[in-house]
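# Observations on the model geometry
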2 protein chains.
Amino acid sequence: MPQNNITLDEIAEFFREKDNFVLICHKRPDGDTLGSALALRRALEYMDKKAEIICANTPSPNNEFLFDGEYFPAFDPEDMNGIPVSVDVASEELLGDLQPEWGGKIMLKIDHHETSDDFAKLNYTDPTAAACGEIIFDLVGLLGVPYDVCAEPLYAAISSDTGGFRYSNTTSRTHRAAAELLDAGAENAFIDHMLYESRTQSEIRALTAAYASMRYYLDGRVAMVVITNDDKKRLNLREEDLGIISPITREISGVIVGITMKQSRVDPTKFKISVRSEPGFPANELCAAFGGGGHPCAAGAEIPAANAKVAAALVLKHITASGDGLAVTD
Amino acid sequence: MPQNNITLDEIAEFFREKDNFVLICHKRPDGDTLGSALALRRALEYMDKKAEIICANTPSPNNEFLFDGEYFPAFDPEDMNGIPVSVDVASEELLGDLQPEWGGKIMLKIDHHETSDDFAKLNYTDPTAAACGEIIFDLVGLLGVPYDVCAEPLYAAISSDTGGFRYSNTTSRTHRAAAELLDAGAENAFIDHMLYESRTQSEIRALTAAYASMRYYLDGRVAMVVITNDDKKRLNLREEDLGIISPITREISGVIVGITMKQSRVDPTKFKISVRSEPGFPANELCAAFGGGGHPCAAGAEIPAANAKVAAALVLKHITASGDGLAVTD
């Protein structure tokens with residue numbers, strides 16, 4: 001459980017007193033970490049402070065629009081000497097390739113994850129915030145910076161981490177922040193279009209293969225899709241095209257356990273499963289049976305098997321009907 | 001352009017003064033018309049008034065949850081003698097099979113569509129509301145009814161008509177209403193799961209066929225999916241399973257015109273197209289070339305052709321590249 005040793009008011013004071021910051025995003029950055037950093041940089045520049053953003057990886061295609069025409073440095077930590085502040089980084093390991101240089105040096109951590117390490121000197125975690133962007137929203141208000149300065153990245157951060165206000169983490173606080181940001185000029189339709197309606201043609205090919213492979217088990221309570229190396233080769237799919245597949249099994253009425261299975265390119269006798277489940281079915285226990293782990297409703301593991309059919313049978317063997325629901329065998 | 005002859009304050013007074021209402025939804029009801037009617041009925045019952053809900057059609061599977069355990073009468077207009085009030089009904093024709101009995105008799109119309117007929121005695125249309133539910137939200141406030149009485153159906157109404165707060169009609173007013181309703185206890189995660197993540201297995205089969213048929217034209221600026229009668233038969237698809245397909249072409253990066261084509265069961269030499277486009281490309285003009293019509297960004301038409309291939313070629317012939325964009329030929 002994270003222990004705060006600084007308040008949000010004190011964080012505002014920290015930014016008011018000091019100058020020259022390095023805002024650090026987590027590796028493989030999403031809209032929340034990027035939007036939070038960008039909004040904070042704009043707020044600090046509005047206050048005539050210097051701030052740079054760094055990250056172990058460049059933004060993915062669907063988040064590139066955030067930095068349209070705005071400076072995003074290549075990963076080059078040697079030139080940086082500002083005060084290191086991390087946003088939306090739950091553990092030092094999530095600094096990725098920045099860890100060797102910046103690990104142990106973070107001055108201030110601002111985060112919203114329930115399981116978050118206190119790896120910085122000053123640690124602030126608010127797990128009631130649906131997105132780190134919600135915390136930055138409050139901080140910008142405390143700094144007295146008008147919201148039109150950073151409405152777009154803050155809206156993108158909040159929309160990203162709430163699945164466009166559809167996930168269960170969305171609260172009235174989330175909607176009130178969104179309302180303020182729209183009033184301040186955030187072009188919500190454009191941002192949500194970029195975040196949620198900008199699939200690439202290769203992502204569409206990945207979806208096509210996934211839907212074609214959809215199978216149901218145990219009276220439709222389990223759904224599974226499989227992507228083999230043959231699929232990847234035949235359809236020219238990259239690993240990053242496959243992220244889009246994970247939610248589709250769970251969107252089906254009656255499905256309690258949705259499984260996405262992908263053959264490993266490196267070792268074709270290994271099959272990586274991502275399990276998404278309704279509350280009640282322990283996705284983490286199912287994955288633990290194969291040496292994996294995760295959360296009760298979202299977990300993963302790697303299964304050694306001669307082919308996808310064998311791997312699927314191995315997984316299903318561990319899921320049994322139990323009353324109205326499903327359970328995991330020992 | 002609709003002309004209001006009653007204010008929202010006067011509507012509140014109308015409901016306070018009278019008793020015994022029949023709340024009428026539009027045909028093929030969506031979450032907005034059903035949620036608005038249900039919320040209004042609960043508010044009126046809280047005020048010790050009588051109110052019934054009628055509609056030409058029963059709720060579709062993904063909206064059934066709204067009426068879980070709550071009375072929704074079979075279509076039986078003869079037994080009803082309350083004051084007729086329509087919600088979210090833009091024209092009398094949209095009463096559907098209720099029109100012969102109730103046409104010309106609507107006392108009060110509450111609507112939010114930009115093009116809305118003043119077919120009632122008392123007409124109120126607020127086109128700045130993203131959903132009729134937003135108007136009912138304000139009305140419930142004016143009536144002094146606490147929001148916990150009707151938070152769920154109001155939230156469902158507003159989420160339905162804004163695509164879960166992702167469509168461009170979403171405003172800060174929308175988010176502020178949602179915030180109030182969450183504070184009043186609306187279970188947003190459950191409602192959004194029911195509205196957006198409850199696809200049936202036959203809808204999944206329809207999606208599978210649609211993705212498999214996806215083709216790109218004019219450098220990926222046009223995408224088309226085709227569902228033939230063979231597909232419908234082979235996959236056991238009902239017409240109502242096909243609604244889920246319309247958005248998928250437009251979700252692809254770079255696509256300006258997305259076309260969904262369906263062969264007619266009644267006359268297999270007719271192909272119905274639904275066209276969705278980015279602002280700038282006139283979907284309505286394209287469809288007008290085939291005797292159809294609609295809005296600039298969403299239109300439809302029926303094309304006579306020997307087979308799907310011929311129909312697709314006919315449509316594409318009318319779309320030509322023009323500079324960076326696309327245009328419709330004469």
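On a predicted model such as this, the values are computed, not experimentally measured, just so you know.

## Some thoughts on the overall build of chain A
Per the secondary structure count, chain A includes eleven helices and 13 strands. Taken over the C-alpha trace, chain A has a radius of gyration of 21 Å; the compact-globule value for 330 residues is 20 Å, and the two agree within 12%. The principal-axis extent of the C-alpha atoms belonging to chain A is close to 60 × 40 × 40 Å. Going through the 330 residues of chain A one by one, you find that 57% of them count as buried. For chain A, contacts bridging at least 24 residues in sequence account for 63% of all contacts bridging at least 6. In chain A, 30 positive and 50 negative side-chain charges are present, and the distance between their average locations comes to 8 Å.

## Some details on the state of the cysteines
Residue and element names in this part refer to chain B. Scanning all chains against the criterion turns up zero disulfides over all chains. Left unpaired, C25 is separated from the closest cysteine sulfur, that of C55, by 5.0 Å. Of the residues examined, C55 reaches a relative accessible area of 4% and is grouped as buried.

## Some remarks on the sheet that holds strand β6 (residues 215-217) of chain A
Residues and elements named next belong to chain A. Strand order across the open sheet formed by six strands is β6-β7-β8-β9-β11-β10, with mixed pairing between neighbours. Either end of the sheet is taken by a strand with one partner, and the two such strands are β6 and β10 (293-295). Going from strand to strand, the sheet's axes swing by 20° on average, the running direction of each strand aside. Sheet strands touched by helix α8 (residues 201-213): β6 and β7 (222-227). Its angle to β7, the strand with the most contacts, is close to 130°. With respect to the sheet, helix α11 (residues 308-317) is in contact with β6, β7, β8 (257-263), β9 (270-277) and β11 (298-304), its orientation differing from that of β8 by roughly 150°.

## Side note on the environment of Y167 of chain B
Position of Y167 of chain B among the secondary structure elements: in the loop between α5 (151-161) and α6 (172-183). Judged by its relative accessible area of 45%, Y167 of chain B is partly exposed. Separated by 37 residues in sequence, Y167 of chain B and A130 of chain B place their C-alpha atoms 9.2 Å apart. Leave out the neighbours within four places in its chain, and Y167 of chain B touches N188 of chain A together with D161 and T162 of chain B.

## Digging into the relation of the copies chain A and chain B
By a simple turn and slide, chain A fits onto chain B: the slide is 0.0 Å along the axis, the RMSD is 0.1 Å, and the turn is 180°. Look at the turn and shift together and you get a two-fold axis relating the two. Ranked by how close their C-alpha atoms come to the rotation axis, the residues of chain A are headed by H175 of chain A, at 2.5 Å. The residues that chain A uses at the interface reappear at the interface of chain B in 100% of cases, marking a shared surface.

## Overview of the packing of helix α4 (residues 132-143) of chain A against helix α6 (residues 172-183) of chain A
Residue and element names in this part refer to chain A. Contact geometry of α4 with α6 gives a least axis separation of 11 Å together with a crossing angle of 55°. Considered as vectors, α4 and α6 are oriented oblique to each other. Classified by chirality, the crossing of α6 by α4 is left-handed. Each of E134, I135, F137 and D138 in α4 lies in contact with α6, whose residues at this interface are R173, T174, A177, E180 and L181. Of the residues contributing to the contact of α4 with α6, the split by class is four nonpolar, one polar and four charged.

## Some words on the interface of chain A and chain B
Across the contact, 40 residues belong to chain A and 40 residues belong to chain B. Both faces considered, chain A and chain B share a buried interface measuring about 3,400 Å² in area, 53% of it formed by carbon and sulfur atoms. It is R166, H175 and Y211 of chain A in chain A that bury the most area against chain B; as a group they hold 21% of the surface buried on that side. Our enumeration of links across chain A and chain B arrives at six salt bridges. Across the pair D183 of chain B and R176 of chain A runs a salt bridge, and its minimum N-O distance is 3.0 Å. Connecting chain A to chain B are 19 residue pairs in polar contact (both at pLDDT 80 or more). Among the elements of the structure, α6, α7 (188-196) and α8 of chain A are those that each provide at least two residues to the side of chain A that touches chain B. With eight residues, α6 of chain A is the single largest residue contributor to the side of chain A that touches chain B. Taken together, the residues that form the side of chain A that touches chain B break down as 15 nonpolar, 15 polar and ten charged.

## Let's talk about the pattern of salt bridges
Tallying each qualifying case throughout the model produces 34 salt bridges over all chains. Between R173 of chain A and D138 of chain A there is a salt bridge, with the nearest N and O atoms lying 3.2 Å from each other. Highlighted residues: R173 of chain A in helix α6 and D138 of chain A in helix α4, separated in sequence by 35 residues. Given the relative accessible area of 24%, R173 of chain A is considered partly exposed. Close ionic contact of R250 of chain B with E278 of chain B constitutes a salt bridge, the shortest N to O distance being 3.4 Å. With R250 of chain B in the loop between α9 (229-234) and β8 (257-263) and E278 of chain B in the loop between β9 (270-277) and α10 (283-288), the pair connects residues that are 28 residues apart, well separated along the chain.

## Focus on the UniProt feature "domain: DHHA1" (unreviewed entry) in chain A
Per the UniProt record, "domain: DHHA1" (unreviewed entry) is annotated on residues 266-311 of chain A. The annotated region residues 266-311 of chain A carries 22% helix and 39% strand content, and the separation between its end C-alpha atoms amounts to 17 Å.

## A closer look at helix α2 (residues 31-46) of chain B
Residues and elements named next belong to chain B. For α2, which comprises 16 residues, the first-to-last C-alpha distance of 22 Å matches the rise-based estimate of 22 Å (1.5 Å per residue) to within 8%. The buried fraction of α2 is high, at 13 of 16 residues. Phi turns positive, to about 65°, at D48, one or two residues after α2.

## Remarks on the domain arrangement of chain A
Taken domain by domain, chain A consists of domain 1 (8-196) and domain 2 (201-328). Measuring from the centre of the C-alpha atoms in domain 1 of chain A to the corresponding centre in domain 2 of chain A gives 32 Å.

## As for the pairing of β8 of chain B
All names here are of chain B. With seven of its seven residues buried, β8 lies for the most part within the structure. What you see with β8 is no split at all: V257, I259, M261 and Q263 on one side and G258, T260 and K262 on the other are buried throughout. Pairing geometry for strand β7 (residues 222-227) and β8, over six bridges, is parallel. Bridging from a neighbouring strand, A223 pairs with G258 of β8. Examined bridge by bridge, β8 and β9 share seven bridges and lie antiparallel to one another. Bridged to M261 within β9 is I273.

Conventions adopted
Residues numbered from 1 in each chain as written. Chains lettered and ligands numbered in written order. Predicted model: local features only at pLDDT ≥ 70, side-chain atom pairs only at ≥ 80, totals over all residues. Heavy atoms only, no water. Helix = DSSP H or I, 4+ residues; strand = E, 2+ residues; numbered from the N terminus. Rg over C-alpha atoms; globule rule 2.2 N^0.38 Å. Buried < 20%, exposed > 50% of the residue type's maximum accessible area, 1.4 Å probe, protein only. Contact = heavy atoms within 4.5 Å. Lys, Arg positive; Asp, Glu negative; His and termini not counted. Charge placed at Lys NZ, Arg CZ, Asp CG, Glu CD. Disulfide = S-S within 2.5 Å. Pairing = 2+ DSSP bridges. Axes fitted to C-alpha atoms, helices over the stretch in contact; angles between N-to-C directions. Least-squares fit on C-alpha atoms with pLDDT ≥ 70 in both. Parallel < 35°, antiparallel > 145°, perpendicular 65-115°, else oblique. Left-handed = near helix turned anticlockwise from the far one by under 90°. Nonpolar A, V, L, I, M, F, W, Y, C, P; charged D, E, K, R; others polar. Buried area = accessible area lost by both parts, 1.4 Å probe. Salt bridge = Lys/Arg side-chain N within 4 Å of Asp/Glu carboxyl O. Polar contact = N/O pair within 3.5 Å; in protein donor to acceptor, adjacent residues only side chain to side chain. UniProt positions renumbered as here; feature names shortened; annotations may be inferred. Expected span 1.5 Å × (residues − 1). Domains from an automatic or database assignment.

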